[in-house]
Each structure stands twice: as structure tokens, then as C-alpha cells.
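# Descriptive analysis of the structure
In case you want the letters, here they are:
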Amino acid sequence: MIEIKDLHKSYKMGNNSLHVLKGINFKVNEGELVAIMGSSGSGKSTLLNILGMLDGADSGEYTLDGVPIKNLSETKAAEYRNKFLGFIFQSFNLINYKSALENVALPLYYQKVPRKERQEKAMQYLERVGLKPWADHLPSELSGGQKQRVAIARAMAAEPKVLLADEPTGALDSTTSYEVMDLIQKINDEGNTILVVTHEEDIAHMCKRIVHLKDGIIVEDKKIEQVRAEQYV
Amino acid sequence: MFNRDRWREILEVLTTNVWRTIFTAFGVCWGIFILIVLLAAGKGLENGIKKDFGDIATNTMFMWTRATTKPYEGLPMGRSFEFKLSDVQAIQDNVPNMRFISPRNELSGFQGSNNVVRGIRAGAYNVYGDYPEIINQDPMTVTSGRFLNLNDIQDKRKVAIIGQGVKDDLYDKGEEVLGTYIKIQGVNFMVIGTYKKNDSGGGEEGQKEIFVPFTSFSQAFNRGENVGWMAITANDGSSISQLKDKIIKVMKERHKVHPEDTRAIGYFDLYEQYNRVESLFGALKGVAYIVGIMVLLSGIIGVSNIMLIVVKERTKEIGIRRALGEQPWSIKKQILMESIFLTIISGMVGIIFGALVIYGINSLLDSVGPVDMFMNPSVSVGVVSGALLILMISGLLAGFIPAQSAIRVRPIEALRTE
């Protein structure tokens, strides 16, 4: 599903150039649940941004579902993001003047799905994350866990090929974290490919594979025995 | 074009900070208000001044003779001469695009001794010998009877059309006027009509005139073929100011006046005067537009500023939306539409206020009666739609820079701001 070859990325800071990614090679197959781990500054967020087409690589190849991702115009990148990717952020990034339902419906709006259909679909996804009764609430009226579940529903709504989660539990307490991970596991069980960036060991172990990044290179890439989050909920 | 979600969003953005929106809107509102009021005031002044020209055909010149100031072809300087009736035909033949050429003779009564008598009453009036065309150049309303016609001219009938003022002086109230006789310098004329000029047509003096056929006038008062002066109107397409030189040249040739004798023939070019006034109002209108648009401009800059702030505030939201796959142009469109919407709505409010003020001034003018040189201030539908067009363009301009800056932010940078 995702294939990366010899990916390099550096940031210019004044006269100094900060080499963040120094040749990343990795491959993710369909239906995998991969944790990308690393301390801060290891380049994991940069990698995720490149995977998410929010940022471009300096060199290297990136293929997503057989489509080479290179030199995209903003318009094309937006289209691909909308079609291929679902984002889940640490700080939820819901639009705070829109209700939960409208937030979920947003990616569908960008796909020009008719209003009625859009709302029905958004409602389905809200139901799947167990927030149907909160559909008309604004994000400010929801708890952290609920917000993240709305964000997950939103990421799912456009039926993307890959879900990218950037520290999805970073702003949540452990019980809520496990609830969210439980939801992510269940979505993965249905065959969705998910990448989770985290620095928490327990969260990483709830995935099926852990990729360790250190100083811009992959130092470890191993398949693990998945810990189900259900038991902690 | 109509997109419910987009409009909901526009309204949401503009209502999140109501006071800020209102103050911003006020800038534009004020600008367009000033523009409308200035234009209306200019129009009021224009209407007032133009009223003084009345209905007189403005493409007209008046021409009379004076003494020559240069000797020519053996004739001395200081020679007096008079236009002749045949000059009318000569101008008609030699100068194109003539509409009316009216030769006129006059017995002046203004500040003079009484020249018109009826029974025991008498008065001093201007008596004109005229052709029927004069009614087109010096318009008046015939209130009873009829005006002069060609038969009167041909038969040299001693008939007269008298003004309302003359009638009031010489007749009792309700007395029958038509068919009665008045004595003009001892010659009886039958009154066949009365006229009234509107207020602007020479004021009170304008109502105290008597018109008689040119031919009968000449005969009765021994003018022969002489013409006192001429009123010449050109066709609408050509200006009398340009034809003037040609006409005067023809006259000089016919009366053996030195071609460079500029004082032998006197004239008054009404069209030139009118044009001067016209260009004055053109300039006035220009000033109104410039001032109005300048004021509007500061309002537009306000809108642009606020839109920049709005974009800044929504940087993160814009980042999220782009991460979710919104197209850059869609974001741009959103910002532009917000800006145009804000500008047009506030501009409309400005136009409405302007219209109310104009309405107020008009009803005030109506209640206190006519004011000198100011009448019926108004703006046309054209001006209003022009103002709306200006608003639309300025809204677009105001939103352009903010919209550009909104899509210049890369989503990753937008999301990074915590």
C-alpha cells in the first residue's frame, strides 16, 4: 500500500541545514497497523507529514497504492489527501464552530457529495464511533475522548486507503487512550491500513508492527504480538 | 453558485465577532454614503442651475449689428448697418445644419414709457415682431387662443399674443380677452391668444411680452426690410458654437464689413454658456466621485485588514481543511466571497442611508419651497448600479490579498501552531 525508498528530508534553518530524514526505506501492506516510534526529534512527525502529503521530500520515492507521489501541485495534493488519506491529530483539530456531524461530513463536502447523502453517511460513521446522540453538539461540548472519536469518524468518512494518526492518544488520559486504541484496532480489524505515530510504549504494543526511528533512520522494524485494548476498557 | 454550506459558513464567520464586523462594515457604508450624497448634491445644484436656462433651446445664438470699426471697400468706419430679411435666406443657403433662424424686431417697453393702451389702461411692454418658429426657441405655453402662424405673416394681419402679465394689467378678472383690441403705439392689434412662460423664462418680465407677426410689425412701425436681431438655432447634432463663425462670415460679406472687424456684429452664444455650466458640473461630478471613492477606499482597506486578521485567526482551521482535502481555490473563493459579501451588504446599507437622506432633503425642500440654485437632488439608477459595481470590485480587491495569504500558508505550518 505504501512504499518508500531512500527518503531524505532536511530543513533549512538560517545557514544551517538540519538533516531530519536520512534515507528511509519501508513498506506497508494493506490491512497493517503500524506504530512509528521514536523520541522527539527522531523525524517521526516529518515522516508522517511526508506520508500525508503535507510536506514534500527532498529526494527518494514515495508510492501510495501504486500512485507515485512526487512534485504535486497544491490542487493535486489536496485531491489525493481527500481520496487516499484520513488524518487523526493529537489535538483533534476539529473545526470548533461546526457540529460533530458537520465535522464528519467535511471531507465528503470536499468530494462534492450531495448534502443529504453526506449527512446520512456522516451519521453512520458517528454511530460507529458511538457518538450518534452527540451529532448536533459543538466540539467544545464534547470530552477529549469524544472529540478524538469524532476526529476518527471524520478521517473514516471519506473511506481513505490509509489512516494516519499523529499521537492520537497524546492529549488523553490512559483510560480514554485505550478506548481510542480499541476503536482504532476495530477499524483495523475491518481491513483498513493504519499508521500510528506515538512515543508511548503501551500504545505502540497495541499495533501489529513497530517501526523505531532514531536520528532520521529506521533502527528497528519488527512484527509484534498485538495487545488488545479491549481488556483495559 | 448558491451553496448552502458556504453561505452558512460566511454568516458564521461574520457573526462570530459582531462588533468587529459592524465597525468594518461602517467604513464601507460611510464611503458609499458620502459618494451617493455628494453625487446627489451635485445633481441638485445642476438641476437648480439648469432650471434657470429653462426650456430655451440651448443650441442657440443671438446676433445683432453694431457700428463698424474698420473701413472697408471704400466705406468708412463707424458706419451703421442693419440686417435685412434676405439675410435669413442667405444664412439658410450658405450654412448647413440650421434648424431655426428667427428674425426679430422689438419695441422696448422695459423701463420705458407706456407703449400699449387699452381703453383707460396703459402699460409699458416689450413688443416683438416674430415668425411662428420663435415659440420653439423661446418656449411658452399658449393658455388660450393660438400663437402666430404663417397666414398672419403673409397677410400682415394685425394680431397679437399677449402674456399673462399683460392680461392682468389691461383686463379685468374674468374679462374675455380673445377678439379684443389693444393699441400698440397707436396701432390697433386684435388679441388672438394668451401665453404663460414657466417661472424660469425671464421671470416677471417674461410674462409681460406681446408677440405680433413680423411683417405687420415692420409695416406698422416702419421697419421695412430691417431686422433688429436674430435668434439662430442649429440642428441637435451640430453645435452652434462651431457654426457661429461661418454665419458671421456670411453676414460680413453681405454687409461689406471688413473680415477682421470683430466688433461690427454682436452675438451671444447661449450654447457656449451652457457648455461652460455643463463642464462645470462634469468637474463637480468628477470631484464627487474622487472624494467618494477615496473615502470608500479607506473603508475597503478596513475590510482588507479585517479579512487578513480573520485569515490569521483561522490559519489552523484552514490547515485542517486543507489536510482534509479542500482545494486551495475553494479556500480562496471562500475568503473572497466573505469579503465581497461584507462589502456589498455594508454598501447597500450605505446606499439606503444615502437614499433616505436625499429623500429627507427633498421633502424638506418641498415643504419650505424652492431654494435658489438647488433643486431635486437625486441619483439615477445608473449611479446606484455603478456604485454597486464599484463595491463588487472593491470587495474583490479587499479579499484578494487575504485570500492569497490564506492559501500561501502550507497546511503543515498551519497545523503546527498550537
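Structure: above.
All of these numbers come straight from a predicted model, not from anything done at the bench.

Moving on to the overall build of chain A. A tally of helices and strands in chain A yields seven helices and 10 strands. Relative to the compact-globule value of 17 Å for 233 residues, chain A shows a C-alpha radius of gyration of 18 Å, a close match. Summarising its shape, the C-alpha atoms of chain A cover approximately 50 × 40 × 35 Å along the three principal directions. By residue count, 48% of the 233 residues in chain A fall in the buried class. Put simply, 69% of the contacts in chain A that link residues at least 6 apart link residues at least 24 apart.

Residue and element names in this part refer to chain B. Relative to the assigned elements, Lys249 resides in helix α9 (residues 240-254). Assessed through the 15 C-beta atoms surrounding it within 10 Å, Lys249 is described here as partly exposed. Along the primary structure Lys249 and Pro259 are separated by 10 residues, whereas in three dimensions their C-alpha atoms are 7.1 Å apart.

A word on the nonpolar core. One finds Val104 and Leu195 of chain A together with Ile32 and Ile36 of chain B to be the most contacted residues of the largest nonpolar core, which totals 118 residues. Per-element accounting of this core gives the leading share, 12 residues, to helix α2 (residues 18-53) of chain B. Contact partners of Leu195 of chain A, with chain neighbours within four places excluded, come to Val28, Val34, Ile36, Leu51, Val162, Leu164 and Ala165 of chain A. Counting residues in hydrophobic clusters, the runner-up holds 48 residues, among them Ile91, Leu148, Ile182 and Ala264 of chain B.

Take the interface of chain A and chain B next. Taken residue by residue, the interface counts 20 residues in chain A and 17 residues in chain B. Among the elements of the structure, α2 (74-84) and α3 (100-110) of chain A are those that each provide at least two residues to the side of chain A that touches chain B. At six residues, the largest contribution of residues to the side of chain A that touches chain B is made by α2 of chain A. Looking at the side of chain A that touches chain B, its residues break down into 10 nonpolar, five polar and five charged.

Conventions we followed
Residues numbered from 1 in each chain as written. Chains lettered and ligands numbered in written order. Predicted model: local features only at pLDDT ≥ 70, side-chain atom pairs only at ≥ 80, totals over all residues. Helix = DSSP H or I, 4+ residues; strand = E, 2+ residues; numbered from the N terminus. Rg over C-alpha atoms; globule rule 2.2 N^0.38 Å. Buried ≥ 20, exposed ≤ 12 C-beta atoms within 10 Å, placed from the backbone. Contact = placed C-beta atoms within 7 Å. Core = buried A, V, L, I, M, F, W, Y, C linked by C-beta atoms within 7 Å. Nonpolar A, V, L, I, M, F, W, Y, C, P; charged D, E, K, R; others polar.

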